[in-house]
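The residues making up each chain are set out below.
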Amino acid sequence: MYLMWTFGPSTGQSQSYLGIEADANFWWWQYVWLSLLCMIPWFVEVCMQIYPASSTALYTSRNDYVQSFLNILFPLSRLYVGKEVHESFGHTAIYLFYWVTLMAWKLFFSYVFEVYSMVLPTLQLCDDYINFPDQSFAKMCIVLTMRWLPQFLVYLIDMSIWYSVWQAFAGTAVGFSDNLGDIKTMKDIRDNFGRAPELFCQKMLSPDAGSRRGSAASFMSKSGSFGSESQALLGADPHQLQSYVNRLLDVRIQKWVMFASAWNEIIDHFRQEDIISNRERDNLKFSRFDGFSQAIYLPVFQTAGVMDDVITALETPRDDQPSGPTTDLDFFKPIMEHVTMKTAVFEVWELGTYMMQKVLGPVHENDIQAITGLVLKWTESGTLSRHLTLVKIRQAMNSFIQLVTILEKGIGRRKAAVRTRKSVEPTPKSNGKGMRKVMSAKSLSLTSMEGEKSFQKSFKESTEKIVIIDALRDQARDKFRSVVQAVKGILQYVEHDAESRDVLDRLTFLMSMENGFLWDDAYASDRLDFLSKDDVFKEVLTKLSGLVACHPDDVEPKSKEVRRRLTFFVNSLFMDMPNAPSIHDMFSWNVLTPYYSEDVMYNKGDLEKRTDELGVSTLLYLQTLFRGDWDNFLERNEIKDHEKIWSKKCVQETRIWASLRAQTLFRTVSGMMYYEKALRLLANLERMDDVTTNDLLGEKFGYIVSCQIYGTMKKNQDPKAEDIEELLHRYPHLRIAYIDNIRLNRSGTAVSYSVLIKSDGNGGVEEIYRVRLPGNPVLGEGKPENQNHAMIFTRGEFVQTIDMNQEGYFEEALKMRNALQEFAKREGPLPTTILGLREHIFTGSVSSLANYMALQETSFVTLGQRVLTKPLRIRLHYGHPDVFDKLFFITRGGISKSSKGINLSEDIFAGYNNALRGGQVGFKEYLQVGKGRDVGMSQIYKFEAKLSQGAGEQSLSRDVYRLCHRLDFCRLLSFYFGGIGHYFSNVLTVLTIYCVVYLMAVLAVFDMEKIGDRTITPMGTIQMLLGGLGLMQTIPLYATLGVERGWWTSLREIMHVFITGGPLHFMFHIQTKAHYMSQTILVGGAKYRATGRGFVTQHTPMDEQFRFFASSHLYLGVELAAGLIIMGIFTDAGQYAGRTWSLWLASLSFLASPFWFNPLSFEWNVVVSDYKNYLDWMGGTTGGPSKSWSQWWTDENSFFKTMNFNSKMFYFVKSVLFILLANGIRTSELCKANLTLNKPFVSISGVVVVVAVLLALRGVFNSAQGNLPYAARQTIGIVIFLGISVGILILFLEDSDFMRYAIAGYYYAGAFCQLGLLFGVKAVKNVYFLHDLVCGHIIFIPLIVMAALQLPHHIQTWLLYHNALSSDVVVSDILRYAQKSQKSGGDEDEELVEQVAELRKLLQKQEEMLMNTGLMAVDKSRVTRNESTDAFAELVSPGTGTEVSIHQPAAQRQAGFGGGGRFGARAFSMTGLDVWGPMAIGAGDDDDRPTNSMGTYQNMEIQASRGQAKSDEAFSFSQPDQMPPR
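Quick caveat: nothing in here was measured; it's all calculated off a predicted structure.

1. Quick notes on the overall build of the protein chain
Now for step 1: Within the protein chain, the regular secondary structure consists of 64 helices and 13 strands.
Now for step 2: Taken over 1526 residues, the protein chain has a buried fraction of 52%.
Now for step 3: Long-range pairs, those at least 24 residues apart, make up 79% of the contacts in the protein chain with a sequence separation of at least 6.
Now for step 4: Working note: accessible area of the protein chain is about 71700 Å², and carbon and sulfur atoms make up 58% of it.

2. Observations regarding helix 44 (residues 969-977)
Now for step 1: Within the sequence span of helix 44, burial applies to Cys970, Arg971, Leu973, Ser974, Phe975 and Phe977.
Now for step 2: Turning to helix 44, the residues buried within the fold contact helix 6 (89-115), helix 8 (137-177), helix 39 (848-869), helix 41 (906-916), helix 43 (958-966) and helix 45 (981-1005).

3. Here we look at the sheet that holds strand 13 (residues 920-931)
Now for step 1: Taken in spatial order, the 10 strands make up an open sheet running 8-7-6-5-4-9-12-11-13-10, and their pairing is mixed. This sheet does not close on itself; its edge strands, each paired only once, are strand 8 (765-773) and strand 10 (806-807).
Now for step 2: Summarising the sheet, strand 10 and strand 13 pair through two bridges and their orientation is antiparallel. Bridging across to strand 13, Glu807 finds its partner in Gly930.
Now for step 3: Set on the sheet, helix 26 (residues 560-573) makes contact with strand 11 (832-841) and strand 13; between it and strand 13 the angle comes to about 145°.

4. Let's talk about the side chain of Thr858
Now for step 1: Within the secondary structure, Thr858 sits in helix 39.
Now for step 2: Not counting residues up to four positions away in its chain, the partners in contact with Thr858 are Ile841, Leu863 and Thr1040.

5. A short note on the side chain of Thr1040
Now for step 1: By the secondary structure assignment, Thr1040 is in helix 47 (residues 1035-1045).
Now for step 2: For Thr1040, a relative accessible area of 2% translates into the label buried.
Now for step 3: Reaching out from Thr1040, the side chain makes a polar contact with the backbone oxygen of Pro1036 at a distance of 2.7 Å.
Now for step 4: With residues up to four places along the chain from it excluded, the contact list for Thr1040 reads Thr858, Ser859, Thr862 and Leu863.

6. What about the packing of helix 8 against helix 45?
Now for step 1: Contact geometry of helix 8 with helix 45 gives a least axis separation of 9 Å together with a crossing angle of 160°. It follows that helix 8 is roughly antiparallel to helix 45 by the angle criterion. When the axes of helix 8 and helix 45 are compared, the crossing they make is left-handed. Across the interface between the two elements, Met146, Leu149, Pro150, Leu153, Val154, Leu156, Ile157 and Ser160 from helix 8 touch Ser985, Leu988, Thr989, Leu991, Thr992, Cys995, Val996, Leu999, Val1002 and Leu1003 from helix 45.
Now for step 2: When the residues that make up the contact of helix 8 with helix 45 are grouped by side-chain class, the tally is 14 nonpolar, four polar and no charged.

7. Some remarks on the pattern of salt bridges
Now for step 1: A full pass over the atoms with the stated rule returns 57 salt bridges.
Now for step 2: In this structure, the salt-bridge partner of Arg667 is Glu807, at a minimum N-O distance of 3.0 Å. Placement of Arg667 in helix 31 (residues 665-672) and of Glu807 in strand 10 is noted, with a sequence separation of 140 residues between them.
Now for step 3: Among the charged side chains, a network of salt bridges with common partners joins Arg271, Asp274, Glu635, Arg636 and Glu653.

8. Comments concerning the pairing of strand 11
Now for step 1: Counting buried positions over the 10 residues of strand 11 gives 10, a clear majority of the element.
Now for step 2: Bridge count between strand 11 and strand 13: nine bridges; the pairing is parallel. Bridge pairing in strand 13 links Ile834 to Val921.
Now for step 3: When strand 11 meets strand 12 (residues 883-885), the two strands line up antiparallel, connected through two bridges.

9. So, the confidence of the model for the protein chain
Now for step 1: Mean pLDDT for the protein chain: 79, with 79% of residues reaching 70 or above.
Now for step 2: Here residues 1381-1392 scores under 50 on pLDDT; set against residues more than four positions off or in separate chains, the count is 12 contacts.
Now for step 3: In the model, residues 1413-1526 has pLDDT below 50 throughout and makes 149 contacts with residues more than four positions away in sequence or in other chains.

10. Some thoughts on empty space enclosed by the protein
Now for step 1: Throughout the structure, instances matching the rule amount to 12 cavities of 30 Å³ or more.
Now for step 2: Its volume calculated, the second largest cavity comes out at about 140 Å³.
Now for step 3: Sorting the residues of the lining of the second largest cavity by element identifies helix 39, helix 41 and strand 13 as the ones contributing at least two each.
Now for step 4: By residue class, the composition of the lining of the second largest cavity is eight nonpolar, five polar and four charged.

11. A look at the packing of aromatic side chains
Now for step 1: According to the stated counting rule, one finds 76 aromatic pairs in the structure shown.
Now for step 2: Judged by centre distance (5.2 Å) and plane angle (80°), the rings of Trp1189 and Phe1329 are edge-to-face. Of this pair, Trp1189 sits in helix 53 (residues 1189-1196) while Phe1329 sits in helix 58 (residues 1324-1349), and the two are 140 residues apart along the sequence.
Now for step 3: Accessibility expressed as a relative area gives 30% for Phe1329, which makes it partly exposed.
Now for step 4: Three or more aromatic residues joined by ring pairs form one cluster here, namely Phe193, Phe200, Trp256, Phe259, Trp263, Phe286 and Phe301.

12. Brief notes about the pairing of strand 4 (residues 589-595)
Now for step 1: Where burial is concerned, most of strand 4 is hidden: seven out of the seven residues are buried.
Now for step 2: Of the two faces of strand 4, the one holding Trp589, Val591, Thr593 and Tyr595 and the one holding Asn590, Leu592 and Pro594 are both buried throughout.
Now for step 3: The pairing of strand 4 with strand 5 (residues 701-707) spans seven bridges and is parallel. Note that in strand 5 the partner of Pro594 across the bridge is Ser706.
Now for step 4: Two elements, strand 4 and strand 9 (residues 798-801), share four bridges in a ladder whose sense is parallel. Looking at strand 9, one finds that Val591 is bridged to Gln800.

13. Focus: the packing of helix 50 (residues 1102-1130) against helix 51 (residues 1136-1156)
In helix packing, the relevant descriptors are the interaxial angle and the interaxial distance, both defined with respect to the helix axes.
Now for step 1: Closest axis-to-axis distance for the helix 50/helix 51 pair is 7 Å, and the angle between their directions is 165°. Relative to helix 51, the element helix 50 lies roughly antiparallel. When you trace helix 50 past helix 51, the crossing you get is left-handed.

14. Examining helix 54 (residues 1205-1226)
Now for step 1: Spanning 22 residues, helix 54 covers 31 Å between terminal C-alpha atoms, matching the ideal 32 Å at 1.5 Å per step.
Now for step 2: Residues of helix 54 that are buried include every one of Ser1207, Lys1208, Tyr1211, Ser1215, Leu1217, Phe1218, Leu1221, Ala1222, Gly1224 and Ile1225, and no others.
Now for step 3: Close packing links the buried residues of helix 54 with helix 45, helix 49 (1062-1082), helix 50 and helix 57 (1297-1318).

15. Quick word on the environment of Leu972
Now for step 1: In this structure, Leu972 sits in helix 44.
Now for step 2: The exposure class of Leu972 is partly exposed, given its relative accessible area of 25%.
Now for step 3: As for Leu972 and Ile874, which are separated by 98 residues in sequence, their C-alpha atoms are 8.7 Å apart.
Now for step 4: Sequence-distant contacts of Leu972, defined by excluding residues within four places in its chain, comprise Cys964 and Leu967.

16. Focus: unusual backbone geometry
Most peptide bonds take the trans form, and the phi angle of most residues other than glycine is negative.
Now for step 1: A cis amide bond, omega 25°, links Lys870 with the succeeding residue Pro871.
Now for step 2: Positioned with a positive phi, Asp274 is a non-glycine residue whose angle comes to about 65°.
Now for step 3: By secondary structure assignment, the location of Asp274 is in the loop between helix 12 (251-272) and helix 13 (278-284).

17. What to know about the nonpolar core
Now for step 1: Residues Phe200, Trp263 and Trp589 are the most contacted members of the largest nonpolar core, which totals 99 residues.
Now for step 2: For this core, the element with the most residues is helix 12, which contributes nine residues.
Now for step 3: Excluding its chain neighbours within four sequence positions, the residues that come into contact with Trp263 are Phe193, Leu284, Phe286, Pro299, Phe301, Leu566, Phe569 and Val570.

18. As for the state of the cysteines
Now for step 1: Scanning all chains against the criterion turns up zero disulfides.
Now for step 2: Cysteine Cys126 remains unbridged, with the sulfur of Cys141 as its closest cysteine sulfur at 8.4 Å.
Now for step 3: Cys126 sits in the partly exposed class, given a relative accessible area of 26%.

Reading the values: the criteria
Residues numbered from 1 in each chain as written. Predicted model: local features only at pLDDT ≥ 70, side-chain atom pairs only at ≥ 80, totals over all residues. Heavy atoms only, no water. Helix = DSSP H or I, 4+ residues; strand = E, 2+ residues; numbered from the N terminus. Buried < 20%, exposed > 50% of the residue type's maximum accessible area, 1.4 Å probe, protein only. Contact = heavy atoms within 4.5 Å. Areas by Shrake-Rupley, 256 points an atom, 1.4 Å probe, with all protein chains shown as cover. Pairing = 2+ DSSP bridges. Axes fitted to C-alpha atoms, helices over the stretch in contact; angles between N-to-C directions. Polar contact = N/O pair within 3.5 Å; in protein donor to acceptor, adjacent residues only side chain to side chain. Parallel < 35°, antiparallel > 145°, perpendicular 65-115°, else oblique. Left-handed = near helix turned anticlockwise from the far one by under 90°. Nonpolar A, V, L, I, M, F, W, Y, C, P; charged D, E, K, R; others polar. Salt bridge = Lys/Arg side-chain N within 4 Å of Asp/Glu carboxyl O. pLDDT = per-residue confidence, 0-100. 1 Å grid on protein atoms, 1.4 Å probe; cavity = no way out; pocket = protein on both sides within 12 Å on 5 of 7 lines; lining within 4 Å. Points joined across faces, edges and corners; volume = space filled by probe spheres on them. Phe/Tyr/Trp six-rings, centres within 6.5 Å; stacked < 30°, edge-to-face > 60°. Expected span 1.5 Å × (residues − 1). Core = buried A, V, L, I, M, F, W, Y, C linked by side-chain atoms within 4.5 Å. Disulfide = S-S within 2.5 Å.

What follows is the structure in structure tokens.
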């Protein structure tokens, strides 16, 4: 309107239009208001973007006018889906702030570093065009486009980089707000352990737990006695609350008891899983002693080292200490304010006095009771510090620690005598009441403890003088005397205070009693014999030893897995978790696992089978990888001979142990069935009887494994079917669903059924349901169809989908009841219909490659999904272990879409469906499930290819189309960058690298790097952007690890990733994603790729690597390297390294990663073998793609036949670029020859003719060689090859122009061959053969050089397996064994028994060598009887006249090794240490010898009399024939 007025009729100063006469100002404002009127719909849209609930109200309006308007302008509104897709305004404001700040920073950064840097070159180009008449406008436009294109591409991709940075900031903030990472170490557990019981009972037990009304399983026993345990926590478990909770009156004590019960069950399951040893189990568990004053005693790991802190606190002077007389309240103030210190002091006092009473026995009972009674009296009266010099208590405690240590080491290994040595008269009981009732450090009410019963057994006292050799007794006496002396030294006022004097007298009397422990040998030895058979005493002694003698670091579990699980469990108690309802009121759920034909359980054959590549058995690999777990397994099953693992008693346990450490169905099922055990434990804590518990278990939980082809396995007698049935018998509540296809007639007509089976309890299988189907249900993708057919058998309100490579943990299963309550909450306007749970990747310890995958997945499944949930509110369903609202989904399309191809990534479509139909997705990190990932290069490659192809199919789906039309703008950005946009960004990243290389090369070749005659300014900004922005991708990983492990630990992990080649791995898979994403969009062909679940650490041959990675990586790597070399030859800009380092890094990652992450790639024999196999494969003609390059090439490029014209244009542009570059090289001055000055000796045209003729003969020879004899074929082939080679060499030497022509010809050939592929020209195949042959040798040359140097092989092995080596895994042993096997052609399946026999032969030879050197004695020495040895013999074998052989300990020998004693079958060093050790010796002939110097006094080795030493047995040394092995 404004323009029409401007050019309309004029009537003086004003103009008229449409009959209105007004000035310009009037018409300008008319234009403005009418324009704003047209913009009203867009203003309304902006308001709806800011307040998305308004769009939902509009779409769900029932007004006919509104619906008519929507039907016309928004046709998608007629769909049933997509009506309610909005968030609350509070949530919207948060993610609006997220994206507004991100986009503001992106625009600022892009202007400064991407746009502004191009302003000056653009002005200069335009200035030249305007001021110089010979400048072409087209040329200026092309050059401007070439210079701006890289900046434009970076402008497009840097948004994803900044998204990852903002994601790290937001994820860190949310993680800290959720209390993630509050508990990172075992020290953090100890510091917060006192708060755990309160939180456990508050959150994980129902409100009436501990006080259920009228329950038949009440804690409070009517009898009030410590009766038998009538009901166990898990049915048959010996732990029972009945025997001690009836003594508890305080609610806080009940909470500690219930938490201790759950904690001990967790630790017991750790032991059953063999991730801790028996000793570690004892250190981690709460202790319970019947008849003692406390119901429970804190775990050793909690109280270890606390007594040292107590003594330090007593010794340290305090500034706030009053100047007057010090009272106990002031003196013990630091201890009383620390709960753990108080508890540790009380436990040491109670258990220490118990130990003293038991060791000293009934003879000293009165004295011990009197002394302890007085000390307790001083404590109650607050005068303890007046009677004892507590600042000097450290010496007494040190002596006490030494006593406890000696007893703890010796009692457990002591062998008691057959009968006692001396009768002991019963001592009358004291008039006191035993140990008094005292107040514990935790202010718990404690009951009295009765004194020990007197020693009952009596025998006839021997009248003979007996000398008894008992090292343990003598050492215990010495340490006990030290304790008494130290206690006497801290007594005060013994002259004036009667009670202190009484204590001193009793201590003195105790040390001087002739018939007491300190002087009566028989009595003391009998006491120790008696205690060695007392299990309660040994448990108390172990607990006491941990209390006083252990450092906190010594009692922590060695396994990183145990520490991780314990810290996560304790940390989760401090997180925001819904309180648990009662089991009656909790939601019900089922677990569903799809299974096809993966491993169920490893059998003996699987474990002993050796792979051709690795050369070691699977069992040996697992034993090496999980060395600590294997030792714990042997300890648990009491296996001392490794050959017995296949005995009938242990074979099943061995299979289970191995299966639990691989990605097997058994691991998944056993982990998920922890849910049942957890519910049983919770039911017992809430005091439900067994009948009620069993009824509720069937109602609240069920587990269904959908074994799709179980029926086929059964018919084919597949061992996997038997293993599946074994799972049914092992877990009675497990159900198996499968598809049963029954053939009805010979014509092939069949009927399909969905069948559900269970164990019948008698070793058989019972069919529960059989549902007839209209046909074979597997029409689309297998996995979703497998889930869908079994969905009808789920009976719970919710369904948790668990993949076959996952595992569960018992401690996490306890929290599932809380997690289900998340569905009862509503954090926004829409109901929660999917609950996402955290995953832990458990396969990261195998190698650095597996660690990269684990870190990548950890970053996504924790921080990535955390941010998508809060604050972005766009998390979808990305796979298992999410929990679905089953009632919501089965009425809205189900949980799995299964159309072939388009639903390749079936999980994400459940998320799309949920969002479109009005569901909300939650994500909680207080509960975790284990997840296995791919660990080999090829496995990871297939996995990334599957995800990329799935993302490509998603971008073409109607689900994404509908969702993108309904999301508001900011959530749409979150959806894009948090999902398929990640893959598009990878495509753009690789495209940017490609364009930058070729544009720099073209500018250099055509001499257009400078603008006019101006000085060249190197454009290094783009390199800094590519490199710097790439490094920023590590920020989310750093934030993820920093929140949970600490920032310093996270930084070390990131540095380790960089050092071991992590950037090469991640850049390599950027191209993997880009290749398959673009290929899927251009061509299609998405398909499921089975990656396998096994351990992959063997070497992959070169020909297989080439088949895998040539099309996607190797070709591109060679192409980029060639372009960078061309650019380096022609450039005049300088600073080549600074401008190309990131591009060379990309090229290197594409070429080197497949070989750097391939074990043994730099081993000489392996490289030679790979080269031979590669040449055989290149020359092969039959056998499929794995045996023939020709057939592989045909299959690899078959997609060009079905490619549409639009997709072919992309490759056509690539060919034009090749021709442009080739033409520039051809017309350049590179290697230009001056034939006038340097006349060639040989005619160039003649040589060209000869080479052409030889090439023609080569073609004729190839077609006719089948009819020629072998000798003629070889001779003619060699002659033609040499002729062509010599001819080409002459051309290059005589005329350097041919060098330029050859380089240009490379690009011409690439262009025309590319066009030939597009249009189906078969002749290009020969050119590609030559190209692949050259590419293969380009790769092999560095491999051969590094293999010859040998050092790179060791560096590669260390870096590749550093992550495993740091976890006490010796993978290098496996690789060394693999090398040995490959050198010897190790394809024989030798038995483990033969290996052990070989080892024993080697050890026997080594022992013989030692005997020859005089380092091993073989003579036996006898000792003449004397009084001591007579008594000793009488004790060992009474009534017999057998001569006793007495061994002389090595530590007591002074001169000779050969005389005076027998060493047996072991060699000892000069220090008396075992040279070989029990591991090397195995089960030898010396098992009957004592295992320690303080063992039983019956078998004690006695030093021979000096007078009987023979002079001719002195030490002599002779030169051995051969040196013993190292």
